[in-house]
Amino acid sequence: MSITQDPPMIQAPAVLAQVASVVGEMAAGGWWRVGESDLGQALAQAGRIRHEVARLEAHAAAEAIARGLPAGQAMTAVDYLVKVGSQYAPAPPRGQAIHTARIAATINNPAPGVENTLSGFDAGLISTSKASAIIQFHDEVEPICDTEALATTMKTINEGATDQVQPPDPKNEEDDQGDHGNGAEGPGGPPVRRCGWTERQLSLLLRRARRTIKPAKDLEAEENGQRIRRALYTLPAAGGMTEYRIFLDPEGAAIIDATLSALSKPQPAEDGTPDPRSAPRRRAEALMTIIQRGVSAPEGTSQTTKAQVFITIALSDLRSQTNGAGITMTGQVLSPETIRRMACDASIIPAVLGSEGEILDQGRDERLFTRAQQRALWHRDKGCSFPGCTIPAQWCQAHHVQFWADGGHTNLDNGALLCQRHHTHVHSNGLTATITPTGATWHT
């Protein structure tokens, strides 16, 4: 089937209908007749078409938004894209429409920080989802951060997220006229593509960048807002089951992830037979084990080792308390202040790094208060030691009055019981106390 020779943009619907028809006919079957090498190349070209279609959608959506077509139908850009995208095919996933609408809006109003992102997207070197994530990051932090710092950060992000494409070795080519920039295969074979950061790596680095680039006051407000939104919902499910939905901030997620990972590993049988349980089932049973151990522990003291949260953080960031960030092994980004507070009561294993990335200190569990020390604090403080608080001792955490990160020792004369709320308050405000044999006096 031949494609019309009219300028493509003038006869866009007809041209695309013919392209869709050709691709549809090829997709119908008969691939058993194609050789292995050609089959791989067919899949490679299908990948190219996939990205070119994403570009087409983004630029066409940009024009539709600029003309006010979604607004003219009293629709958001995302709803409009879902509607028109379902006219001849199943509706596109809403997430895909969100990515397309975000890129389209940026095409219409490109900010200096995302010009390289759009260039990489148009060159087929940055995927749709990566471009959308970078644009979202820029739009979120641009109003509140320093312009020069943002420009430096965006340069690093764009370079890391962009695939690098090199032409094949000229010695293997008959000529060098192939279209190497967009992934087409030249006479000497396909170009060499070195992929940039994966989506998971990019997501982690964007979270860390948000943490390091935002002003301290905005970070504090954000963390407080996340902590307030912690929630656990119970819902009836089919077959007499119960569904639990939990929403946690990065600190809570880090503790849950570390706790479940220790108890949800596959357990092969003695003869080597693989564990038949799925990962979700193993996590559910690990959670039940944790709760059972906790409620059966004598005097309210859990017999289970506290969650071991492994965190990598620079020494300068740990001392600064507000700037910088620490990263857990499961990808949660925590502020230095949160790490300092968690060090009081979680089995946090920090890998503290120097200016060259070398490990200066590998934390140990021994800095945590022992059960005997906790019982002594229960007897001495009787409950939360903060003025006016009535939370009982069993619900409190043992806190280092001189913070562990500042060299504080795990001794009774450096310990005090604090409930979760006042523990956060003390760390956030850097409060100190005088410890006597009869209790703690906080200097508020």
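Residues numbered from 1 in each chain as written. Predicted model: local features only at pLDDT ≥ 70, side-chain atom pairs only at ≥ 80, totals over all residues. Heavy atoms only, no water.

Some words on the pairing of strand β4 (residues 242-247)
Judged from the six bridges that link them, strand β3 (residues 231-236) and β4 form a sheet pairing that is antiparallel. By the bridge assignment, L235 is partnered in β4 with E243. (Pairing = 2+ DSSP bridges. Helix = DSSP H or I, 4+ residues; strand = E, 2+ residues; numbered from the N terminus.)

Points about the pattern of salt bridges
Under the definition given, this model contains 13 salt bridges. Its salt-bridge partner being E159, residue K155 comes within 2.6 Å of it at the nearest N-O pair. Of this pair, K155 and E159 are both found in helix α8 (residues 147-161), four residues apart, which corresponds to roughly one turn of the helix. Taking relative accessible area as the criterion, E159 reaches 46% and is therefore assigned partly exposed. A salt bridge links R230 to D249; its shortest N-O distance comes to 2.7 Å. In this pair, R230 is assigned in the loop between α10 (216-228) and β3 and D249 in the loop between β4 and α11 (250-263), connecting sequence segments 19 residues apart. R230 sits in the partly exposed class, given a relative accessible area of 30%. With a relative accessible area of 5%, D249 lands in the buried category. Three or more residues are tied together by salt bridges with common partners; here these are D275, R277, R281 and E285. (Salt bridge = Lys/Arg side-chain N within 4 Å of Asp/Glu carboxyl O. Buried < 20%, exposed > 50% of the residue type's maximum accessible area, 1.4 Å probe, protein only.)

Some points on the side chain of D381
Mapped onto the fold, D381 is located in helix α15 (residues 371-381). The buried category is assigned to D381, whose relative accessible area is 13%. Only 2.8 Å separates the side chain of D381 from the side chain of R380, close enough to count as a polar contact. Sequence-distant contacts of D381, that is, excluding residues within four places in its chain, are made with A416, L417, G439 and A440. (Polar contact = N/O pair within 3.5 Å; in protein donor to acceptor, adjacent residues only side chain to side chain. Contact = heavy atoms within 4.5 Å.)

Details of the packing of aromatic side chains
We describe a pair of aromatic rings using the distance from one ring centre to the other and the angle between the two ring planes. Using the criterion set out here, one finds two aromatic pairs in the structure. Measuring from ring centre to ring centre gives 6.0 Å for Y233 and F247, while their planes differ by 85°; the resulting arrangement is edge-to-face. Linking Y233 in strand β3 with F247 in strand β4, this pair joins segments that are 14 residues apart in sequence. For the ring pair F386 and W442, a centre distance of 6.4 Å and an interplane angle of 40° mean the geometry is tilted. One end of the pair, F386, is in the loop between α15 and β10 (397-400); the other, W442, is in strand β13 (residues 439-442), with 56 residues separating them in the sequence. Note on accessibility: F386 and W442 belong to one class, buried. (Phe/Tyr/Trp six-rings, centres within 6.5 Å; stacked < 30°, edge-to-face > 60°.)

Examining the pairing of strand β11 (residues 415-418)
Covered by surrounding structure in β11 are G415 and L417 together with A416 and L418, the residues of both alternating faces. Two elements, β10 and β11, share four bridges in a ladder whose sense is antiparallel. The residue of β11 that forms the bridge with Q397 is L418.

Here's the deal with the packing of helix α5 (residues 94-108) against helix α7 (residues 128-141)
Running from N to C, α5 and α7 point in directions that differ by 60°, and their axes come no closer than 9 Å. Compared by their axis directions, α5 and α7 come out oblique. In this structure, α5 meets α7 at a crossing whose hand is left-handed. Note on element contacts: α7 touches α5 through T128, S129, A131, S132, I135 and Q136, opposite H99, R102, I103 and T106. Residue composition of the contact of α5 with α7, grouped by class: three nonpolar, six polar and one charged. (Axes fitted to C-alpha atoms, helices over the stretch in contact; angles between N-to-C directions. Parallel < 35°, antiparallel > 145°, perpendicular 65-115°, else oblique. Left-handed = near helix turned anticlockwise from the far one by under 90°. Nonpolar A, V, L, I, M, F, W, Y, C, P; charged D, E, K, R; others polar.)

A few points about the side chain of H51
Tracing the backbone through its elements, the reader meets H51 in helix α2 (residues 36-66). Look past the residues within four positions of H51 in its chain and what remains in contact with it is F121, G124, I126, S127 and T128.

Here's the deal with the layout of surface pockets
Considering only enclosed or pocket space, the second largest pocket measures out at about 1,900 Å³ in volume. Lining the second largest pocket are 37 residues; nearest its centre among them are L16, V53, L56, E57 and A60. For the lining of the second largest pocket, the secondary-structure elements that each account for two or more residues are α1 (12-27), α2, α4 (77-85) and α5. Looking at which element gives the most residues to the lining of the second largest pocket, the answer is α2, with twelve residues. Residue composition of the lining of the second largest pocket, by class: 27 nonpolar, five polar and five charged. (1 Å grid on protein atoms, 1.4 Å probe; cavity = no way out; pocket = protein on both sides within 12 Å on 5 of 7 lines; lining within 4 Å. Points joined across faces, edges and corners; volume = space filled by probe spheres on them.)

What about the confidence of the model for the protein chain?
The predicted model of the protein chain has a mean per-residue pLDDT of 80, with 80% of residues at 70 or higher. Segment residues 175-181 is flagged for pLDDT under 50; beyond a separation of four residues in sequence, or across chains, it makes twelve contacts in the model. Low pLDDT (under 50) marks residues 359-365, which in the prediction has 18 contacts with non-local residues, meaning those over four places away or in another chain. (pLDDT = per-residue confidence, 0-100.)

Observations regarding α15
All of the buried residues in α15 are Q373, Q374, L377, W378, R380 and D381. The secondary structure elements touched by the buried residues of α15 are β10, β11, β12 (433-436) and β13. Positive backbone phi, at 70°, marks K382, one or two positions downstream of α15.

Details of the environment of A101
You can see A101 is positioned in helix α5. Relative accessible area serves as the criterion here: at 10%, A101 is assigned to the buried category. Between the alpha carbons of A101 and V78 there is a distance of 6.0 Å; along the sequence they are 23 residues apart. Residues in contact with A101, not counting those within four places in the same chain, are I65, A77, V78 and L81.

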